[in-house]
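Spelled out from the first residue to the last, the chains are:
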Amino acid sequence: MPRFTLIDIGKQQCPPVLPERFLSQERQTPALYCLLCSRRTNERSRTPRANHHARACRAAYSNKHRTPSLQLNPISTIEKQAMASIISEDDNPLGWTPPPSEDLSSPPPGLQIGAFSSTEVRFWYDTTKQVFRKIQYERPYPGPPGLVLALTAFDLFPTSPHLAASASDICSASFTANISSRQPYHEGRLSWLAIPEDKDFLYGTVHAKIVSEDRSSRIVIRPVQFQRKFVLPPKIILWLSEVELGQCVRVSAADIHTCGFSVRLETNDPAETVNDAVVSWVAYPADRAGIYSGTASTEAQRPTTQPQLYNTGYIGFPEGVFKKAPRVMVGLNYLDLGSKQYPRIRVQCSNVNIFGMTWEANSWVDTIVSGAGISYLAFE
């Protein structure tokens, strides 16, 4: 009996035995048939021509037996409006409403917050005098917004305890954040708040540099006048955006009225006073909904005579202020560190929900944290 060869070049299996009539009478070799197209081929299964034939048959078979897909054209805005107009309340028992039109303009962006750390650009041990980076807003503004900066962390040398946060190249979509010092530093971190053109918000900075006539006093007052008058005395938030530490510094708002307020800069020792400081401030109506601000410090947990590295506390929000977890900007407003060790501090908030949040003011290694405080602004 003549020999024959079985090959599988399709998706189906060849029969176990080929009939005698399938054998070639001329060459006495088995005749090969494709099980998909039923065409005869004398090519072996491993030759390029046979493989090409098999691929072509598979493609033709799949295209022939493929289920046609249903393609739907997208519904235009006019068709959506027409569908909504023909469905009355009586014919709509399920309360279906058409999706909003895509051509409706979205509302302009409101307050936006973010953070920047020098460790995003370099390692902490690669000390430099300045670090900067371009930051994109989550949503661009129609025009350049106002920016408010606050220091949230630093790791400085004791011989030059100075750090400043600033912004440049402010435009509608981005800005450049800068963290600089007079001498190289290990690490610096800032938080930023972008404020659109809103009549409810006012903001600015106060340069509270200590001059010669202030040396004998522990308190320095710098008045601030608003560009426009509030109906009621507003809420004021203060942050340190630049500081040159001696030992202790504290900033707070005093004499708040509808036309302005005063920045109060305190130190506990005139001999170790603050040489330089820049304070960022934000004012908004006290009755504005969906926003809450305040301060917190370690003095509520312990006295300054009992320093410790890790400090934490809880801040509760008034009931009904927020319907969802708010966004929070936090920054330093009070520091009392040892004068001989490396100044190190890091403040942050966590576990934010509609009821409150946890705040932390921690240090590391041999830094003495006698006291630390924060200012925060929470909004939906």
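Residues numbered from 1 in each chain as written. Predicted model: local features only at pLDDT ≥ 70, side-chain atom pairs only at ≥ 80, totals over all residues. Heavy atoms only, no water.

If you look the protein chain up in an unreviewed UniProt entry, it shows as H-type lectin domain-containing protein from Choiromyces venosus 120613-1.

Here we come to the sheet that holds strand β7 (residues 174-185). Taken together, six strands build an open sheet; the order of strands is β4-β7-β6-β11-β14-β9 and the sheet is antiparallel. Because the sheet does not close on itself, it has two edges, and the strands there are β4 (128-136) and β9 (202-207). Adjacent strand axes in the sheet meet at a mean angle of 25° when their direction is disregarded. The pairing of β9 with strand β14 (residues 276-284) spans six bridges and is antiparallel. Each bridged residue has a counterpart across the sheet, and for Thr 205 the counterpart in β14 is Ser 280. (Pairing = 2+ DSSP bridges. Helix = DSSP H or I, 4+ residues; strand = E, 2+ residues; numbered from the N terminus. Axes fitted to C-alpha atoms, helices over the stretch in contact; angles between N-to-C directions.)

Following the sequence through the fold, Pro 145 ends up in the loop between β4 and β5 (146-155). With relative accessibility at 9%, the residue Pro 145 sits in the buried group. Sequence-distant contacts of Pro 145, defined by excluding residues within four places in its chain, comprise Tyr 137, Ile 170, Cys 171, Ser 172, Ala 194, Ile 195 and Pro 196. (Buried < 20%, exposed > 50% of the residue type's maximum accessible area, 1.4 Å probe, protein only. Contact = heavy atoms within 4.5 Å.)

A separate point is the side chain of Ser 174. Considering the arrangement of structural elements, one finds Ser 174 in strand β7. Residue classification places Ser 174 among the buried residues on the basis of a relative accessible area of 4%. Apart from residues lying up to four places away in sequence, Ser 174 is in contact with Lys 134, Ile 135, Gln 136, Tyr 137 and Asp 169.

This part takes up the pairing of strand β12 (residues 248-257). Bridge analysis of β12 against strand β17 (residues 327-337) gives three bridges, and the strand direction is antiparallel. Note that in β17 the partner of Arg 250 across the bridge is Tyr 334. Here β12 folds back onto strand β13 (residues 260-266), and the loop between the two strands holds two residues.

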